[in-house]
Every structure is written in C-alpha cells, then in structure tokens.
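Coordinate analysis (summary)
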Amino acid sequence: MIGKDGVEQADLLVREGVVADRAPSLGVPVGAHVVDATGCWVGPAFVDLHAHLREPGGEAAETIESGARAAAIGGYSLVVAMANTEPAIDSAALVEYVLSRGSRARVEVAVAGAITVGRRGESLAPMAEMAARGVRLFSDDGDGVQDPAVMRRAMLYAAGLGVRVAEHCEDARLVAGGSMNEGALSSRLGLVGRPAMGEELMVLRDIELARWTGAAIHFLHLSTARSLAMVVAARREGVNVTCEVAPHHFTLDESACADFDPLYKVNPPLRRAQDVAALRAALVRGEVDAVATDHAPHPPESKDLPFDEAPAGVLGLEHAAALTYEALGSEQCDPHRFFDVLSRGPARVARVRHEDFYPRHGGHGGALHVGEDANLVVFDPSSRWVVDRDDLHGRSRNTPYHGRAMRGRVRATIARGVLVVDEGELT
Amino acid sequence: MIDSLRGQNLLDLGDLSRDAIVEVLDAAESFVEVNRRTVKKVPALKGRVVASLFFEESTRTRLSFETAAKRLSADVLSLAVASSSVKKGESLRDTIATIDALGIDAVVLRHRSSGAARQVSRYVPHVRVINAGDGLHQHPTQGLLDAFTVRRTLSERRGVSGASTGADLFDGLHVLIVGDIMHSRVARSDVDAYTALGAQVHVCAPATLLPAEVATWPVTIDEDFDDALSRADVVGLLRLQHERGSGVFVPSTAEYTMTHGLTLDRARRLKPDALILHPGPMNRGVEVDSRVADLPASLVTRQVASGVPVRMAVLFLSIVGTAKGEDQ
Ligand SMILES: [Zn+2]
C-alpha cells in the first residue's frame, strides 16, 4: 500500500464503492472477490489530465467508451477529456453531453472546457456556465491562445471563478508549417521545424500573465529543458503554476523522426536528447506536477500520409505508467514519486480529490484512508512485457512503442468502486 | 552507408559513399557514348517496367528520367498525378499500392513532401525507389549530375577521360553554393555529393535563407560573398523563388540581387577557370545576370545534357541488381 504517509503491507477492503477497511490482515468477507496484490504496489488509481477522447466528431479514432477502456487498462480511474472535439466543448450543453457519455464508461470522465468559443482564440467561452457543471480546467489545447490580450482576459475571468486555465504553449506563427523539432536534424531532413522558442516564448508570456492576474495556470506537455526551468523558477517565486510532461517527451527524442515515420509526429515535437534528459531529471526531483498522456488517437490511414501532412499525436493511456516507472529509475523508482505524478499531482491540478468536493466526481488521488472513494490501482513493478500494437484496447493503433520492452504493468484497476481491470484484462 | 547503388534505392545522397557515387559517375560516362549514337538505345532494361510518379509537376525532370528509361529499353508508365485526383490528404500508401499492382520494377518519385520517397520505399520493399525530388529534402540525381558535369568539364580540360579520374579532381576543390539553401533540396544533395567526393563546400546566403543550425553541416559558412567568389573553383547558384524574395525571407528580389546576385560586376572577381552551375530554371536578373549566365564559364546547358546519362546510370545500377531471372 503506497499511502500518503508511508508504505506498508496490508489488506484493504472495498465495499459499496468506498475503502471500508484497511489493516495488516483482514479476513475475507463472504462473497468478496479477492485481488491478490502480493509483490505489487497498491495506490490511488491514476488521473490523466490530458486525453483526446475524440467524441463528439472523431469517433473513427476513439470514443469516450473506447478511450475509457484504454484508460482502465492503463490504471486510470479518471481522465480529463480535452475540448478539441468537433464541435469543441465550449458550452454547458456539450459539457453535459460528454459527462453523460462518461457516466456510462468504465472510468470516470471529467471535462476540460474550451477557453474561447470554438477554440478560435477570439471571444471567451461561457466559462461560468461550464464551471457550474463541474468544469475546473479550461483549455484550447491543440492550439495555444495566441492573442495575449485574450489570454489575459481569460485568466482574469478564470481567477474570478476559481478555475484553472491550461495552455498548449506554441506560438502559431513561430511554428507555422513545422512538423518536427527545429534543429540540425530538421535542417538535414528538409522538414520545416517547430522551434523550441515557439514553446518557450509562450511559457514566458503566460508566466508573466499569471503573475499579473493572479490566476492559476497549468502548462500542458512541456517539452524543453528551458520551459521547465522557467516554470520551476516561477513556482519558487510564488506564481500559481502547475505543469505536466507527456511520456513520449521523456522517452523519445527527435532522432525518432529521422526515417520520416509520421508515427513520431507530435505537437509540441519530440525534442533533443538533452531535453529528454532534463524532463526525466525534473520528474525524479519532483518538479513536475503530473505525467499526462496527451493520448491522441488517429485512424491508421492518417499515418500513411506524408510526414508534413500527417496529423500529430500518439496514443498514451495504456503505456504511461510503465514509461513513468522506467523514467523514475525502474528498481530505483520511488513509489511515492510514482503515485505523486500519476495520481495525486494530477488529481490536485484537476481538483478531483476527496477534499475538493468536486460536484460531479468522486475522490481521486487519495491517501488510501478508510472512507475514501475506492479509486485504486494495483501496479506490478516486476512485470516484464513487450508492447504489441494489436493488443491495444482503444480504437486506434498509433502507438510509437510497438515492440518496446517494458517494465511494470497494471494488474488491476478499481474505478468508482468497481473492479474494471483484473489480472491485466478488462472485466 | 551504401557502397554500391546496385540493387539499391536512391533516396538520399547522404546514404551514398564516395565509391558508390564514383560508380554512378563512371557508369554515366559510358552512357554518354550511347546518347551520341544514331540509335540511342541499349537493351539493358528490356522487359523491366519503370513507373514515373510525379506528385509535383516538373516536365524537365520527368522527361529526362523517362528518356533515360526508354534508352535502356525499359517500359515506362508515366503517371502525372499532380494533375489527377491525388491531392493533399490522400494516402501515399494507397496510391503506390495501385501502381504496384500493375507490376513495376522501379518507381521514379517526385513529391512536394520531404521524406515521401523514404516512406514509399517502406510500403513497396520489392520495388526500387528513385527519388526525383522530395520537398525540401533531396534531389539526388541533380546532385549526381552536378558532380558529373564538374568532373567531365575538369577532366576534359586535362585531356583525360572522366572515368579515369575517380574522385581525384574533387580533392581540395572549393565549391561555393549560394542562395536559398534553406528551401533547396538541390543544395542538400549537392552538399552530400561534393563532400563525399572530397571537395571543400562553402555556403553563402542571407542569414534568413540558411537552414537551422547550418553550423552542423559539413560546410564552411562564408559571410563575405565577394571574397568567397574570388576563392571559388565552382559556384553553384540556386533559384530564388519570387514568394521568398518578396519581404518574407528577404525584403525584395532586387535587394537579394544587390547582396547575393551574381552580377556582371561580381563575375569579374571569379577565378579565370571557375565554373558556374545552376539547376534551372534560372531567374535571370535575380540570382544571376543574364550575361553571366551565358558566359563560357556557365555549365547550365551541360548540366541539362548530363541529366539523361546520369539518370540512365542510376536506373541501370538500381534495377539490374534486383532479382529477376535472366539478369542474375
Ligand atoms: Zn496540446
């Protein structure tokens, strides 16, 4: 048991959706289903701040139901559905639509509302209406809010509502037409680059806007050493910043693009090896609030396009935990850090913890205390396995990890008190 | 690294060793002779099928490749997809699968996207892929024919056959490439060809037209164009597309001519035996003064003439190495 206060070997009883008992040794009540977690880590199930579930509008790639299947396999009890669907989630009605679809899915689904109407970066979306439906995170992800005046107003407004804005930091003009990191490799490959500066200038801008407005800002998928350093410095100065990193950014570098395989095309792009190293070091030091997947399903034909025309994005939900375990040093991985970045940190950012009294959701990222909602994961750090793209549980196959040897696997997931994954399979 | 093009794809000149490039240049020398005959045809690729698949129109390059294939007696399937239904967003895999179903030995591919030839080579591993220009990435046969033109000209001056010189004439040769290097697949292939052959490559351009982190390229970056010109043995000019000279990358084409155009005045700085190359089509009056383009030092027409024998050499080497009964 990886509780907030320490690690202990114990039995835990879930009854009627809550942690009913926890003790070094419990008897098995009549009719109870036993999950043997010997040698495994039991902790709060994971929370993903950043999943593109594609519904409505992109059902060929993923649906809320199929995305939730992948999430359950990945050990998640809650995912935040990003707003860049078709249409964008920019109204209370669309929030209700996603929440109602999510209520029937295997894991809990929270919603990130759009910051601006249609994610066009011009006029503010009805944030108060959406917040009244339980939205706590707002983002135009897919794009950053380009106009600093719009972003400043969005942050002022969000601060007044007590909600957080989440930014995809890339200056659209600096990265225009680009399809990989700008540098020696893009230069040789003749691919238009997306410079690191395109991300860093917007991080810098938004830190200053947050400092001035007092708003809470969350930085999505930071990919460069410098972006992280700026956020860490701002946090130290008392600016209300949080940040996430995505598994592909801390496991793969730009050299993966050398053969023009669109499977490795993401925004922001895979960066230099030294950026990957900086992200991993920041994870180990606890400077990152969350690992977030940026799970971005695409149908197979879209990855048969030329590199510059192919859509950006890779799958993330099923492999994030194992990749995080690896990045935190495998056998050296500190289990507290592991659950901090995969569960407690993101739950705090999304405000879906027990103590947040989230109006629409149960408590996630908990401490395994009796009385908490049962959102739990059993992670087996000793499991060794190989990724097979034909053995995925969502609708799409665009994983960049096919054939990769992994350490650590989710054995069981309990979401909303229900055992949704047992023995590594959907129940 | 590819040491011989036999049976191999030609996707990126950076993949080819010095030996592989010399092998192509030598084979091209032997095909020059074929092109001088009354019957300009050899049966080398009889019964083989070469598809030319141009997603981006280039009549010159397409005709050069198709002529080369026909002179080797190959059957040519010409598919000008640039004007057909294949538009942005269509799967590269589907298009190539349709053509592959017709039964082809090689495909000559031109595409507006960098890397398209490499991607196609993964979809049809049994077909030889010849890159006829992919986006800003590579134009390997242009790099080869530029090197071929330079070697032939220098060997003629010495009164020896090009094939007898191997790569010797490139040793220490100063090649200056001028202009829009950032957006030029020709520049990338030229740099690969000349450096593999042992030349010293220099580049010169307004900083906005130099590729990102050009310092990592195996070239010297010359800031003073006039000075660089006076030390160059070979000057390779690049085309400046009008849209790039209209205030986006440089303020105007006129200003480009002022700073980096090969004007008549500047041409006086050239060494007496310097050579001038341009992949065409030239913007006379922009990157090169019309009178300079017509100087004896200008090899532009020889470059065009080199196209067919060099492409014959590439097709021949690439296809004959592949398994098909009677040739083995
Ligand atoms: Zn994003």
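One structure accompanies this document, and this report is about it. (Residues numbered from 1 in each chain as written. Chains lettered and ligands numbered in written order. Predicted model: local features only at pLDDT ≥ 70, side-chain atom pairs only at ≥ 80, totals over all residues. Heavy atoms only, no water.)

This paragraph deals with a nonpolar patch on the surface. Side chains of Leu174, Met197, Leu201 and Leu204 of chain A sit close together on the surface and give an oily, nonpolar patch of about 340 Å² of accessible area. With a relative accessible area of 42%, Leu201 of chain A lands in the partly exposed category. (Patch = residues over 30% accessible without salt bridge, like charges linked within 9 Å, V, L, I, M, F, W, Y side chains within 5 Å. Areas by Shrake-Rupley, 256 points an atom, 1.4 Å probe, with all protein chains shown as cover. Salt bridge = Lys/Arg side-chain N within 4 Å of Asp/Glu carboxyl O. Buried < 20%, exposed > 50% of the residue type's maximum accessible area, 1.4 Å probe, protein only.)

Right, let's talk about the packing of aromatic side chains for a bit. All names here are of chain A. Inspection of the entire model under this criterion finds twelve aromatic pairs over all chains. Relative to Phe379, the ring of Trp41 lies with its centre 6.0 Å away and its plane at 40°, an arrangement referred to as tilted. One end of the pair, Trp41, is in strand β3 (residues 41-44); the other, Phe379, is in strand β14 (residues 376-386), and 338 residues separate them in sequence. Where Tyr325 meets Phe338, the ring centres are 6.4 Å apart and the plane angle is 90°; that geometry is what we call edge-to-face. Here the residue Tyr325 occupies a position in helix α10 (residues 320-327), and Phe338 occupies one in helix α11 (residues 335-350), the gap between them amounting to 13 residues. (Phe/Tyr/Trp six-rings, centres within 6.5 Å; stacked < 30°, edge-to-face > 60°. Helix = DSSP H or I, 4+ residues; strand = E, 2+ residues; numbered from the N terminus.)

Time to look at the sheet that holds strand β4 (residues 128-134) of chain B. Residues and elements named next belong to chain B. An order of β2-β1-β3-β4 is seen for the four strands of this open sheet, with the pairing classed as parallel. Here the strands that pair on one side only, and so sit at the sheet edges, are β2 (75-79) and β4. Sheet twist, expressed as the average angle between the axes of neighbouring strands with direction ignored, equals 15°. As paired strands, strand β1 (residues 49-54) and β2 are joined by five bridges and run parallel to one another. Bridging from a neighbouring strand, Ala51 pairs with Leu77 of β2. Sheet strands in contact with helix α4 (residues 116-123) are β3 (106-111) and β4, and its direction is about 160° off that of β4. (Pairing = 2+ DSSP bridges. Axes fitted to C-alpha atoms, helices over the stretch in contact; angles between N-to-C directions. Contact = heavy atoms within 4.5 Å.)

Residue and element names in this part refer to chain A. The zinc ion binds to the protein through Asp141 (OD), His168 (ND1) and His221 (NE2), with metal-donor distances spanning 1.9 to 2.3 Å. One chain supplies every donor to the zinc ion, and in sequence these donors are spaced D-x26-H-x52-H. Of this pair, His168 sits in the loop between β8 (164-167) and β9 (180-181) while His221 sits in the loop between β11 (216-219) and α7 (225-236), and the two are 53 residues apart along the sequence. Across the pair, His221 and His168 agree in class, each one buried. (Donors = N, O, S within 2.8 Å, 3.2 Å for Na, K, Ca; no water.)

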